[in-house]
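Analysis of the macromolecular model
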Amino acid sequence: MSVQKENRSKTMQKEFSEYSKEVDRAQHDENIRKAISRAVKAYRETTEKTMKSYPHTPEMAAEVREIKRQSVEQREELVAQAMEAVENNKGKAFFAKDKHEALVIASEIIGTGKTIVKGKSMLGEEIHIREYLEEKGNTVWETDLGEFILQLKKDRPMHILSPAIHVPREKVAEIFTDFFEKEIEPDIAKEVAVVREFMREKYFTADVGMSSANVVAADTGAFVIIENEGNVRLCTAAPPIHIIIVGTEKLVPTFQDAMKVTEVTWRYAQYPVPAYVNIITGPSKTGDIEKVTTYGAHGPKEFYVIFVDNGRSDMEADDDFKQASHCLRCGGCMYECPVFQITAGTFGETYLGGIGTIWNVFTSGGLEATSPQLYTCLRCGRCVERCPMQIDVPNMILELRKRLAAGEVIE
Amino acid sequence: MATSPIDMPQKVERKMPPVLELIRGNIIKHGNPLALKGSEISAWAKELNLPKTGNLLFYTGGEYQLLPFIDSLVKTMTVMDSNSKGFSMLMGVRNILGKTGFAPEKIYASVLAQDKERFNEVSLKAARILQSLGYDLCYSGEDELYSGALLYELGYWEDLASYGQKVMEVFKSSKAKTIVCLSPHAAEVIKFAYPKMGINHDLEVKTFVELVWEQRDKLPKVNFNKSVVIHDSCRLAREMGVTEELRDILNSMNVEFKEPLRKGTWTTCCGGPNKFMFPELSQTIAGGRVSELQSTGADLILTSCPYCLSALEGAIDKNNRDIIADFIEFLYKEIVE
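Each chain carries its own residue numbering, running from 1 in the direction its sequence is written. Each chain is given a letter, starting from A, and each ligand a number, starting from 1, according to the order in which they appear as written. Two thresholds apply to this predicted model, a pLDDT of at least 70 for residue-level local features and 80 or more for giving and counting side-chain atom pairs, whereas whole-chain, interface and lining totals are computed over all residues. Computation of side-chain values covers all heavy atoms of the structure but excludes hydrogens and water.

1. Some points on the overall build of chain A
Counting secondary structure elements, chain A contains 20 helices and twelve strands. A globule of 411 residues ought to have a C-alpha radius of gyration of about 22 Å, and chain A, at 21 Å, matches this closely. Along the longest, intermediate and shortest principal axes, the C-alpha atoms of chain A span 75 × 55 × 55 Å. Relative accessibility under 20% of the residue-type maximum defines a buried residue, over 50% an exposed one, and the middle range a partly exposed one, all with a 1.4 Å probe and only protein chains included. Looking at chain A residue by residue over its 411 residues, the buried ones come to 59%. Counted over contacts in chain A with a minimum sequence separation of 6, partners at least 24 positions apart contribute 73%. Note on areas: these come from Shrake-Rupley sampling with a 1.4 Å probe, and a residue is covered only by the protein chains present in the view. Carbon and sulfur atoms provide 50% of the accessible area of chain A, an area that totals close to 16,900 Å². The charge count treats Lys and Arg as positive and Asp and Glu as negative. His and the chain ends do not count. The atoms used to mark charge sites are NZ of Lys, CZ of Arg, CG of Asp and CD of Glu. Within chain A, one finds 52 positive and 63 negative side-chain charges whose respective centroids are separated by 3 Å. Numbering goes from the N terminus for both helices and strands, where a helix is a DSSP run of H or I of at least four residues and a strand is a run of E of at least two. Here the globule rule reads 2.2 Å times residues to the power 0.38, and the radius of gyration is calculated from C-alpha atoms. The contact rule is simple, with two residues in contact once any of their heavy atoms fall within 4.5 Å.

Below is the structure:
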């Protein structure tokens, strides 16, 4: 056996054994079990009701599939067009080919000793931006309630939309009591209130607001962010600087396309309508005095966008996997996944479940490190039934197993 | 197309998890994933004296016959390290291989004769049902080989490309135009995977359920005074598109059935597919599905896939296992016996 082969085998064995232990631990975790079974039931009931109230949704999903398909074909043009639009709108646009570049660009904009309020972002998890900025001497606050809980708990998200799905109110009360150094009852309303009070001051004293986006319209340079808590409104509007870090797969050609993608995304994420849809195109401005355009009125004076590739163009260049980039991250598939229903996000790494496994191969670890997840998928195919983009996850998983067994490398 | 060595895709030698290698090795060497003998797999057919050639090939792929041995193998592998079942599953296989390689007689010593008999009989019952509906069957007997479905599932496509050719030779020697598969996994692989591997054929691939459905007018009305619930198999429902056929058959027989919350193409997986890699997780998933099915209040769960049968049964208490049966067993009891 060559040294290289031996090392590879050892790494793979280690990954398999650690992962197996995690999976076994997760399935005996009462918190996960309780929280997930409630969430699955609620998701199914709400979605059924929502689809009845908005019966045009599946048809619109079909339109979005076509928009996404075309967007993959025109990716390079869309990135160039969007970057130009951002500059025209008085923002600064950057392109990062990988994780490292993205982090360096962000860090150069921010510097050190700053306070950053941040909205929830899967790309943020993918490149570990919070940890990086903290290492550079900054303070970062996760403003999404679920992410904030995990930040304090030093844990990772167990669902892409409800990251702290596995933490019940009693545990939250414990964590908050510890952090705020005062007794917080296990009462959800009180838990929400204490974070609201704490965060309020952060929004208005922070140096930088950071967010991602659900959809980006290339023609107008419009960034669309769906949310319910109102934290994204605040952290993208209150601080003097706003930085958006977004994956290139979010780009679609036009503003009208973006609206369709937005509606389909929130609908399959079980919302009849979300509380807020933010559309941001540049820094805050006013022309109210003598029609002279001045930047930095009530909102940020500076606006930066970092488009991140980090494996996406490889995924989109591969006919077997380009469809995976259509994923809207509505999270619907996870509720239908028989494994996820038991283990939650233990089945996954940065991205979760079957589609997450495919994403992890290309963006966060490569084929070998993701191999335990590849063999966790049952390939049952119920995710495809739920998926508004009808992404053929079971066949992609199979293709990856084939490449793994054949000794191919994706890193 | 890669034109220069620099553009060639990089390849490495990679050692796959031992449990997967074991299954792969058994299929290639012994013609089935658990290294059983052909004579053992085809023993059920002795009394039928089926011809080796004909128009309609009856294909068991040995899958029902293998079922009692799967659990034995999984158990042998999991008792080694009770602290970490997952870990031993993956690493402990080397220990059961020993110096002489895989020793079935050792691993399977604990398999009960009654279990072997029950699962051997599923194939016999299926053949008898089809005969009673007027089908003339041929069967390859000891020459029959497992389809290679697990090679496909686990990623060993290069092996399947050559192994499948051997399976195809056996099919071709039967001169059959149609092949009827008891396992939806076998049907899927022969119909969809073989052509992908360059194993071309013009066999018409049918499942057992479809053949029964085509002759459903011949089925007798029965007096079954309990209610049943159908567990749709993922492969049968999603890949083979067979869902309503099962219900039509029950309707033809006047059998009352209930529907679970998740059925047809929305069916819940039995957990079987990751039994070898994550046995505990697999069993938990199976337990969840059994609860879903039982919450309909039905007396009997019916499945139409060997792995669903094995997985779901594994999640039911040993003394209570008459609440589940294969569709084949149910039909046989009601219309042949």
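2. Quick look at the interface of chain A and chain B
Contacts between the two partners involve 47 residues from chain A and, on the opposite side, 44 residues from chain B. Throughout, buried area stands for the accessible area (probe radius 1.4 Å) lost by two parts on being put together, summed over both. Between chain A and chain B the total buried area reaches about 4,000 Å² when both faces are included, carbon and sulfur atoms providing 59% of it. It is Tyr375(A), Leu378(A) and Arg382(A) in chain A that bury the most area against chain B; as a group they hold 15% of the surface buried on that side. Salt bridges, as used here, are contacts in which a Lys or Arg side-chain nitrogen is within 4 Å of a carboxyl oxygen on Asp or Glu. One can count five salt bridges joining chain A with chain B. Its salt-bridge partner being Arg262(B), residue Glu336(A) comes within 3.3 Å of it at the nearest N-O pair. Polar contact is the term for a pair of N or O atoms within 3.5 Å; when the atoms are in protein, one must be able to donate a hydrogen and the other to accept it, and sequence-neighboring residues count only if both atoms are side-chain atoms. The interface formed by chain A and chain B includes 17 residue pairs in polar contact (both at pLDDT 80 or more). Elements with a minimum of two residues in the side of chain A that touches chain B: helix H1 (3–27), helix H2 (30–53), helix H15 (340–343), helix H17 (366–369), helix H19 (382–386) and helix H20 (393–405) of chain A. Residue contributions to the side of chain A that touches chain B peak at 14 residues, all from H1(A).

3. Quick notes on the domain arrangement of chain B
Residue and element names in this part refer to chain B. Split into domains, chain B comes out as domain 1 (18–212) and domain 2 (214–336). An automatic or database domain assignment supplies the residue ranges for each domain. Each of domain 1 and domain 2 was reduced to a C-alpha centroid, and the two centroids are 21 Å apart. Listed per partner, the contact involves 44 residues of domain 1 and 33 residues of domain 2. With both chains or domains summed, domain 1 and domain 2 bury close to 3,700 Å², and 71% of this area falls on carbon and sulfur atoms. Inspection of the region where domain 1 meets domain 2 yields five salt bridges. Measuring nitrogen to oxygen at the nearest pair gives 2.9 Å for the salt bridge that ties Glu329 to Arg118. In this structure, the connection of domain 1 to domain 2 is made through 14 residue pairs in polar contact (both at pLDDT 80 or more). Mapped by element, the contributors of at least two residues to the side of domain 1 that touches domain 2 are helix H1 (18–30), helix H3 (63–78), helix H4 (85–91), helix H7 (113–132), helix H10 (184–196), strand S4 (204–207) and helix H11 (208–214). Looking at the side of domain 1 that touches domain 2 residue by residue, the class counts come to 27 nonpolar, six polar and eleven charged. Here the term charged refers only to Asp, Glu, Lys and Arg, the term nonpolar to Ala, Val, Leu, Ile, Met, Phe, Trp, Tyr, Cys and Pro, and the term polar to all other amino acids, Gly among them.

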